Amino acid sequence: MFPYLRSQRVNLQLLQETAARELMQHLDSIEGSKVIVLDESMVGHLELVTKPEMFTDRGIKLAALKPESRTPKDVQNIIYIVHTQVKLMDQLAKHLKDNNHQGRQYYIFFVPRRSCLCIKHLENLDVIHAFTHIYELTWNFFPLDSDVVSMEMPNAYRDVSIDGDTTALFQASIGLVQLQRLYGRIPKIYGKGVMAQYVWDHAKQLAIDEKSLYNGYKGAIDQLILLDRGIDLLSPLATQLTYEGLIDEFYGIHHNKLTLPAEHFPAYTISSGSTAVSEDPERLMGDKDRKTIFLHSGKPLYAELRNKNFNEVRILLARKVKDIQAQMNVNRQQQSVQEIKSFVERLPQLMEEKKETSVHTAIAGLIDERINVYSFSDDLAAEQEFMICADIDRPSNYIDDQIARRADLRNVLRFICLQCAAASGFKERVLNHYKRELAQVYGLEVLLTISHLEKAGLLRTQTESRAYAVLRKTLHLTVDDSVEINPKDISYVHSFYAPLTARLVEHSLRPLGWQTLKSQINNLPGPAFEDFQLQLIGIGGRHAGGATPSETSLMHARRVVLVFFVGGCTFAEIAALRFLAAQEDNNVEFVIATTKVINKHSFLDSLMSS
């Protein structure tokens, strides 16, 4: 259904097809005409699992869970597919009462599992009796690309660190078991951080309880590395300088889609015969004056550009335009009939390349406008000063100037948190200085936000440990002569700084890598742990005794490492891991799992919200 999800070793299309089959089996068991009502975030999630044709072929209409939405009276079944969030139950109950007709059947599909709290709330609203059945769709991971899966839980880090709600961690444990059920047991496990330890402990216990899984043979994945977002709070706050990272930070990539005003794409026209809103999930929440661009590895040009530093993207796009012009402007009068025929056969592909190049040239132009301003350069320079630990033990003049000018609060807090992460905590007088200045300029309400950031570990007082300053040197986190075009090191993703998480993964690939790392990362928050689920031989992680010929042939195959970011990861971190996988010496493939792909804005927004 989604060819771009296919890969040789860990085919994530299997995960998508399993989720789609689960939904369709439930729908096929319900007789009569149907309307599916989706909450706002579920619209995008559904598109990651199935295509609109699956519903139109069955005569099923789609609708959004909005106060004004009404369903035709002749519809026999209304099916609500919603996340397990109590706040959605009020909307659901109101929608049900507004669309209640005699003889109609109602169903709820909870994603990823049913919630006693939600059901109790529906009982309190006196609507639970109206539902014929309550199902759950066990969609723990949504495949975003051939090497990336996401739980699509943007508030996971906040829920655990600020609210003390470990639901996301338990769900991550269930998701790990589900992945092993599909792709086989993972023999070697390494991890760092409190949340990472929690996830693995529960996943291991769930696997033991499921005896058939616990006793199974090793599957397609050789190794699991669990990384707690809390061990590296600097990387998600830093400005990403890859093409994909900049798109996400400036405009937001949601469910593999970018939505921009259509005026930026003159060639874009909206067909009068476009699919009806009620039948296409893409347009349920859409705006007809905006263009939606799909961003995944199924688009060859985007696959080539996405992980590049933006300075290299400019060069590649210019080269692509020149190549297309050269092919289009050849003098056909001097060509033979065979050469003209070959060109005509190639023409549809060439026109598609021209269209894609035009789209990405427009996007790159928009990004160029955003980064070629003094404020962007100044912010980047200030970030890099913090990253090299320059004057981090005293209040920053740049931050004080930003506060005095009453700059955007989120950006001011980002700089303060960056300085705190680089200093491994503030001295008491520095933290108090920032609190006083913020309260005077932005009002006392800001103290609640500061309290959230302190609970989340982004603002804290200094201890004897200076973990970042030490690791910056031992792991070479900052590279002065970083190369952005045809890079040799993962630091290109920030043009200066290598994400700590990606550097840990890089070092773990070396012989005895994790054992060597453990002593270096002791000062980072949380425990470092390792576990083995099978008796192992050799570096490749094959189980001992009686290896079959097919297993023996895999002994020299590329290792498959599942890297799970508990609490979110950025596109820059994903690009860094893809860069490592592209180096032949590493002989590795990565599958990247995360609670959510985040950026500096979305990460702080989740922590600042009340």
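Residues numbered from 1 in each chain as written. Predicted model: local features only at pLDDT ≥ 70, side-chain atom pairs only at ≥ 80, totals over all residues. Heavy atoms only, no water.

Moving on to the domain arrangement of the protein chain. Domain annotation for the protein chain reports domain 1 (3-139), domain 2 (144-236 + 488-536 + 554-608) and domain 3 (375-423 + 425-464). Spacing between the C-alpha centres of domain 2 and domain 3 amounts to 29 Å. Facing 16 residues of domain 2, the contacting portion of domain 3 comprises 18 residues. When domain 2 packs against domain 3, close to 1,600 Å² is buried across both sides, 73% of that on carbon and sulfur atoms. Here Asp605 makes a salt bridge to Arg410, at a shortest N to O gap of 2.9 Å. The set of elements that each furnish at least two residues to the side of domain 2 that touches domain 3 consists of α6 (156-161) and α24 (600-608). The element best represented in the side of domain 2 that touches domain 3 is α24, accounting for 7 residues. For the side of domain 2 that touches domain 3, the class distribution of residues is 10 nonpolar, 3 polar and 3 charged. (Domains from an automatic or database assignment. Contact = heavy atoms within 4.5 Å. Buried area = accessible area lost by both parts, 1.4 Å probe. Salt bridge = Lys/Arg side-chain N within 4 Å of Asp/Glu carboxyl O. Helix = DSSP H or I, 4+ residues; strand = E, 2+ residues; numbered from the N terminus. Nonpolar A, V, L, I, M, F, W, Y, C, P; charged D, E, K, R; others polar.)

In this section: helix α10 (residues 243-250). For α10, the tally of buried residues reaches 8 of 8 residues, placing the bulk of the element in the interior. The set of residues buried in α10 consists of Tyr243, Glu244, Gly245, Leu246, Ile247, Asp248, Glu249 and Phe250. Following α10 by one or two positions, Gly252 adopts a phi angle in the positive range, close to 85 degrees. (Buried < 20%, exposed > 50% of the residue type's maximum accessible area, 1.4 Å probe, protein only.)

So, on to the pairing of strand β4 (residues 105-111). When you tally the buried positions in β4, you get 6 out of 7 residues, the bulk of the element. The pairing of strand β3 (residues 77-83) with β4 spans 7 bridges and is parallel. When the sheet's bridge partners are listed, Ile81 is paired in β4 with Phe109. The pairing of β4 with strand β5 (residues 131-136) spans 5 bridges and is classified as parallel. Within β5, the residue paired with Phe110 across the bridge is Glu136. On the question of chirality, the crossover connecting β4 to the parallel β5 by way of helix α5 (residues 116-124) is right-handed. (Pairing = 2+ DSSP bridges. Right-handed = clockwise from strand over helix to strand, strands pointing away.)

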